[in-house]
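So you can see what is in the structure, the chains are spelled out below.
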Amino acid sequence: MNWLIDFFGDAANWSGPDGIPLRVLEHLVFAGLSLLLAVVLAVPLGLWIGHTGKGAVLVVLSANAARALPTLGLLVLVVLLMGVGTIAPVLIPLVALAVPPILVNTYEGIRGVDPELRDAAYGMGLRGRQVLGGVLVPVALPLILLGMRTAAIQVVATATVAAYVGLGGLGRYIIDGLATKDYPRAIGGAVLVAALALAVQGLFALVQRISVSPGVSGRQRIR
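Labelled according to an unreviewed UniProt entry, the protein appears under the name ABC transporter permease, originating from Planobispora siamensis. The heading Sequence similarities (unreviewed entry) in the UniProt record of the protein holds the text "Belongs to the binding-protein-dependent transport system permease family."

**A word on the side chain of N105**
With respect to the helices and strands, N105 occurs in helix 5 (residues 88-111). We classify N105 as buried; its relative accessible area is 16%. Those residues in contact with N105, other than ones at most four positions away along the chain, are L143, I144, L146 and G147.

**Focus: the confidence of the model for the protein**
Mean pLDDT for the protein: 84, with 90% of residues reaching 70 or above. Mean pLDDT across the elements of the protein ranges from a minimum in helix 10 (residues 214-219), with 57, to a maximum in helix 2 (residues 20-52), with 93. Every residue in residues 219-223 is under pLDDT 50, and counting partners more than four places away or in other chains gives 13 contacts.

**Points about the UniProt feature "transmembrane region" (unreviewed entry) in the protein**
What UniProt calls "transmembrane region" (unreviewed entry) maps, in this numbering, to residues 28-50, 71-99, 131-148, 155-175 and 187-207. Taken as a whole, residues 28-50 contains 100% helix and 0% strand, while its terminal C-alpha atoms sit 31 Å from one another. Between the C-alpha atoms that bound residues 187-207 the distance is 30 Å, and the span itself is 100% helix and 0% strand.

**A short note on the pattern of salt bridges**
If you walk through the whole model with that rule in mind, you get five salt bridges. Here R185 makes a salt bridge to D18, at a shortest N to O gap of 2.8 Å. Here the residue R185 occupies a position in helix 9 (residues 183-211), and D18 occupies one in the loop between helix 1 (2-8) and helix 2, the gap between them amounting to 167 residues. Salt-bridge contacts for R23 lead to E26; the nearest nitrogen and oxygen are separated by 2.8 Å. Of this pair, R23 and E26 both sit in helix 2, three residues apart, which is roughly one turn of that helix. When salt bridges that share partners are traced, they join D18, R23, E26, D182 and R185 into one network.

**Observations regarding the nonpolar core**
With 52 residues, the main nonpolar core has V90, I102, L136 and M148 as its most contacted residues. Listing elements by their share of this core, those giving two or more residues are helix 2, helix 4 (71-82), helix 5, helix 7 (128-158) and helix 9. Of the residues forming this core, the biggest block, 13 residues, is contributed by helix 7. When neighbours within four sequence positions are excluded, V90 is seen to be in contact with L75, A162, V165 and L167.

**Let's talk about the packing of helix 8 (residues 171-179) against helix 9**
Two numbers describe how helix 8 lies on helix 9: the axes approach to 7 Å, and their chain directions differ by 160 degrees. Here helix 8 lies roughly antiparallel to helix 9, going by the angle between them. Of the two possible hands of crossing, helix 8 and helix 9 adopt the one that is left-handed. Residue-level contacts link Y173, I174, G177 and L178 of helix 8 to Y183, R185, A186, G189, A190, L192 and V193 of helix 9. Class assignment for the residues of the contact of helix 8 with helix 9 results in eight nonpolar, two polar and one charged.

**Notes on helix 5**
The end-to-end C-alpha distance of helix 5, which contains 24 residues, comes to 34 Å, matching closely the 34 Å that a straight helix rising 1.5 Å per residue would cover. Along helix 5, the sharpest change in direction is near 25 degrees and occurs at V99; proline P100 comes one to four residues later. Counted residue by residue, helix 5 has 19 buried out of 24 residues, so it is predominantly covered.

Each value, and the rule that gives it
- Residues numbered from 1 in each chain as written.
- Predicted model: local features only at pLDDT ≥ 70, side-chain atom pairs only at ≥ 80, totals over all residues.
- Heavy atoms only, no water.
- UniProt positions renumbered as here; feature names shortened; annotations may be inferred.
- Helix = DSSP H or I, 4+ residues; strand = E, 2+ residues; numbered from the N terminus.
- Buried < 20%, exposed > 50% of the residue type's maximum accessible area, 1.4 Å probe, protein only.
- Contact = heavy atoms within 4.5 Å.
- pLDDT = per-residue confidence, 0-100.
- Salt bridge = Lys/Arg side-chain N within 4 Å of Asp/Glu carboxyl O.
- Core = buried A, V, L, I, M, F, W, Y, C linked by side-chain atoms within 4.5 Å.
- Axes fitted to C-alpha atoms, helices over the stretch in contact; angles between N-to-C directions.
- Parallel < 35°, antiparallel > 145°, perpendicular 65-115°, else oblique.
- Left-handed = near helix turned anticlockwise from the far one by under 90°.
- Nonpolar A, V, L, I, M, F, W, Y, C, P; charged D, E, K, R; others polar.
- Expected span 1.5 Å × (residues − 1).
- Bend = angle between axes of the 7 residues up to and from the residue.

Put into structure tokens, the structure is as follows:
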């Protein structure tokens, strides 16, 4: 507790290029860009696979890859291939980490819609895209958001690897603190990462409450 008081009570940690506000902003940029790219890649693909049933093996492989992916090892490999100086070496492993849960949950959400509901939509004369956008996506939205939330929390927690290649973010406090045996700084950085992850979880809970209708929430429980 005293270490946390020392870190957060030091005015020098709240200003300048190494201040907490700037480090939090850098961390959010890494995580936000990674999550955005993952959503752009995974959601359309998951919708298409879930709707057509084609390429389901890709979802299985993606889920298995998520469990086996060594993020730090992939970061080192990308740095060796691309060098340092940009955020690309950080974004690539973070996007690779975020894609599987979004892809899997989007696919499972679409495939899990009641077949009778799907048939009723077709019986009303709706076409494929109309059924997907107007019927399947709203029902699958809780699971899709769950995949995004899982990916966001993982990315926020893992974005500390940016410090390994000389970039900023909250990982700087952890890496630099451990390297110099400045344990208040290292623990303070870890607490900030945990607090940011909890804030992201709360934000997604709020988004779900606003965007998902009560009828859908009751019909398709989040697993």
